[in-house]
Amino acid sequence: MRHDGRQPDELRPIRIQRQFTKVAPGSVLISAGDTTLLVTASIDETLPPWKAADPAAQKGWLTAEYCMLPGSTSPRKRREREKVDGRSTEIQRLIGRSLRACVDFETLGPRTIMIDVEVLQADGGTRTLGITGGYIALCDAIATLGDKVSKDRPVLTTSIAAVSVGISHGTPILDLDYIEDSQAEVDLNVVMTGSGEFIEIQGTAEGRSFTRAQLDQQLALAEKGIRQLMELQQAALKG
Ligand code: UDP
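These numbers come from a predicted model, not from an experiment.

> Mind showing me how you'd approach the UniProt feature "binding site: phosphate" (unreviewed entry) in the protein chain here?
Under the local residue numbering, the UniProt record ascribes the feature "binding site: phosphate" (unreviewed entry) to Arg-87, Gly-125, Thr-126 and Arg-127. These annotated residues cover 41 residues of sequence, but their C-alpha atoms sit close together, with the largest distance between any two at 13.3 Å. For Arg-87, the position within the fold is in helix 2 (residues 86–100). Taking the relative accessible area as the measure of exposure, Arg-87 reaches 33% and is therefore partly exposed. Here Arg-87 is in contact with Tyr-66, Met-68, Thr-126 and Arg-127, once residues within four sequence places are set aside. A polar side-chain atom of Arg-87 sits 3.3 Å from a polar atom in the side chain of Tyr-66.

Have a look at this one:
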């Protein structure tokens, strides 16, 4: 039994609210327990200069930014004014790489999708929840393109969700909160497609090590959690 009463294979309660703000074409408030994010997806009808110079410039692009708001954690996190810190840079690149795996950039055409993940409250698992919520925001934003994109080929080729898993006191556990994350022997972030393939796996056993068998156990747990998250994504997208 975990400190919050969950079973080892249990996700935190997930809440999803689409169209949370009005201006961005995709805007999702998503929470897993006490971790709460606002994820928006915006569409720019241009390409970044480095991409526009490319001969294959008819293809679009997707990128992401991630920010923990100062009051999202205690002690307060200093606002990132001039330079984004190393952790946020790593996380936003992970979110961008992950969500690019589901976009057909030829069908999207020469436009840029920006995913913005704002952490309103951090209690572990912000990067994985950013990806899970980012996919929903992305679906909503793409839907607003209407006739600007071909109807014959979908812009989004699969669904994407992500979850954290880890090993705590020798037991594999799903969807770690901050207390669990800070005490875990292993911390693993897993991103998967709707067809059950992996996009990215980030695993760390800081100052320790883990076995192949433990990796397999954690991946099985992650896959189970991601399937549940995908059902919740689909339910939210229908609602
Ligand atoms: N955290 C924090 N301040 C920071 C970095 C992390 O309070 O500057 C907390 C926060 O609760 C976060 C957790 O530590 O969710 C785990 O951080 P990690 O870097 O493992 O990323 P995450 O699990 O959020 O993807």
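> Honestly, the site of the ligand in this entry has me stumped. Any pointers?
Taken together, Met-68, Thr-73, Lys-77, Arg-87, Ala-122, Asp-123, Gly-124, Gly-125, Thr-126, Arg-127, Tyr-178 and Asp-181 form the complete shell of residues around the ligand. Protein contact buries 78% of the 500 Å² of open area that the ligand shows by itself. Listing elements by their share of the shell around the ligand, those giving two or more residues are helix 4 (126–143) and helix 5 (178–183). Here the residues of the shell around the ligand are counted per class, giving three nonpolar, four polar and five charged.

> I tried to follow the sheet that holds strand 7 (residues 171–174) on my own but got confused; where do I start?
Hydrogen bonding along the main chain pairs the strands of a sheet, whether they run parallel or antiparallel. Taken together, four strands build an open sheet; the order of strands is 7-6-8-9 and the sheet is antiparallel. Every other strand in the sheet has two partners, leaving strand 7 and strand 9 (198–204) as the edge strands with one partner each. With strand direction ignored, the average angle separating the axes of adjacent strands in the sheet is 20°. Summarising the sheet, strand 8 (residues 186–193) and strand 9 pair through six bridges and their orientation is antiparallel. Bridge pairing in strand 9 links Met-192 to Phe-198. Contacts from helix 4 reach strand 6 (160–168), strand 8 and strand 9, with the element oriented near 160° to strand 6. Along the sheet face, helix 6 (residues 212–238) touches strand 6, strand 7, strand 8 and strand 9 and points at about 140° away from the line of strand 6.

Calculation rules
Residues numbered from 1 in each chain as written. Predicted model: local features only at pLDDT ≥ 70, side-chain atom pairs only at ≥ 80, totals over all residues. Heavy atoms only, no water. UniProt positions renumbered as here; feature names shortened; annotations may be inferred. Helix = DSSP H or I, 4+ residues; strand = E, 2+ residues; numbered from the N terminus. Buried < 20%, exposed > 50% of the residue type's maximum accessible area, 1.4 Å probe, protein only. Contact = heavy atoms within 4.5 Å. Polar contact = N/O pair within 3.5 Å; in protein donor to acceptor, adjacent residues only side chain to side chain. Near = heavy atom within 4 Å. Areas by Shrake-Rupley, 256 points an atom, 1.4 Å probe, with all protein chains shown as cover. Nonpolar A, V, L, I, M, F, W, Y, C, P; charged D, E, K, R; others polar. Pairing = 2+ DSSP bridges. Axes fitted to C-alpha atoms, helices over the stretch in contact; angles between N-to-C directions.

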